[in-house]
Amino acid sequence: LSSIFREVASLACEELPSQQVETLVRICCRYSLVAKRIVLASLSSYWVFLSTHRFGSHVAQTILRCVVAECEVNLDDFDDGQGEQCEGKLVIEDSYGSLLQEGEGIGDGGAAVSDSLSTLLVQSIEELKEFATELAEHVCGSHVLRTSLCILAGVEFVEAFAHPGSNQQGETMSEW
């Protein structure tokens, strides 16, 4: 994630790279709270654009669903008993250290990875709030808006980390 931090929005606008970004998000967010913060911060000021984009809207929806889902195992806290030299802390520092420094964000006044997950999530939804009327009428934007409203309402998503098309609920398709 750290290597594509500034390119996530751009990659989300192409068919194949957007699928790869979604897969990366599903994997990283399943196991890391830090990864969730990085993903949200990387899209600061791009939410409305991505919400109205054919491929970007799928990425935006996947990100919103994955960042609110419970981590299966938070590997950020993995502790092998070696204190500051434990493997989990070293991986986080090595992979995300520069992004976690205070004030690291996108553009001027952008979200910083050092912000809390809830702060970053609220900032993301605030970006969408200003354009809620337009997004509600947009063929792609309405799905992202619905996802953000479900998050605010406390709806739990079924299989947030499931790959699209891997419907394990039988004949019935369910968004949540």
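A quick note: this is a predicted structure, and the numbers were derived from the prediction, not measured.

> Would you mind showing me how to read the pattern of salt bridges here?
Pairing between side chains of opposite charge can happen when their charged atoms approach one another. If you walk through the whole model with that rule in mind, you get three salt bridges. The residue Arg-26 makes a salt bridge to Glu-22 at a minimum N-O spacing of 3.4 Å. Of this pair, Arg-26 and Glu-22 both sit in helix α2 (residues 15–31), four residues apart, which is roughly one turn of the helix. With a relative accessible area of 8%, Arg-26 lands in the buried category. Put simply, Glu-72 and Arg-30 hold a salt bridge, and the shortest N to O gap is 2.8 Å. Of the two residues, Glu-72 is situated in the loop between α5 (56–68) and α6 (87–96) and Arg-30 in helix α2; the sequence distance between them amounts to 42 residues. The exposure class assigned to Arg-30 is partly exposed, which follows from its relative accessible area of 22%.

> Would you take a moment to explain the packing of helix α3 (residues 33–42) against helix α7 (residues 117–129) for this structure?
Where α3 meets α7, the axes come as close as 9 Å, and the angle between the chain directions of the two elements is 25°. One way to sum up the angle between α3 and α7 is to call them roughly parallel. Where α3 crosses over α7, the handedness of that crossing is left-handed. Residues Leu-33, Lys-36, Arg-37, Leu-40 and Ala-41 of α3 form the contact with α7, whose own contacting residues are Leu-117, Leu-120, Leu-121 and Ser-124. Looking at the contact of α3 with α7 residue by residue, the class counts come to six nonpolar, one polar and two charged.

About the thresholds
- Residues numbered from 1 in each chain as written.
- Predicted model: local features only at pLDDT ≥ 70, side-chain atom pairs only at ≥ 80, totals over all residues.
- Heavy atoms only, no water.
- Salt bridge = Lys/Arg side-chain N within 4 Å of Asp/Glu carboxyl O.
- Helix = DSSP H or I, 4+ residues; strand = E, 2+ residues; numbered from the N terminus.
- Buried < 20%, exposed > 50% of the residue type's maximum accessible area, 1.4 Å probe, protein only.
- Axes fitted to C-alpha atoms, helices over the stretch in contact; angles between N-to-C directions.
- Parallel < 35°, antiparallel > 145°, perpendicular 65-115°, else oblique.
- Left-handed = near helix turned anticlockwise from the far one by under 90°.
- Contact = heavy atoms within 4.5 Å.
- Nonpolar A, V, L, I, M, F, W, Y, C, P; charged D, E, K, R; others polar.

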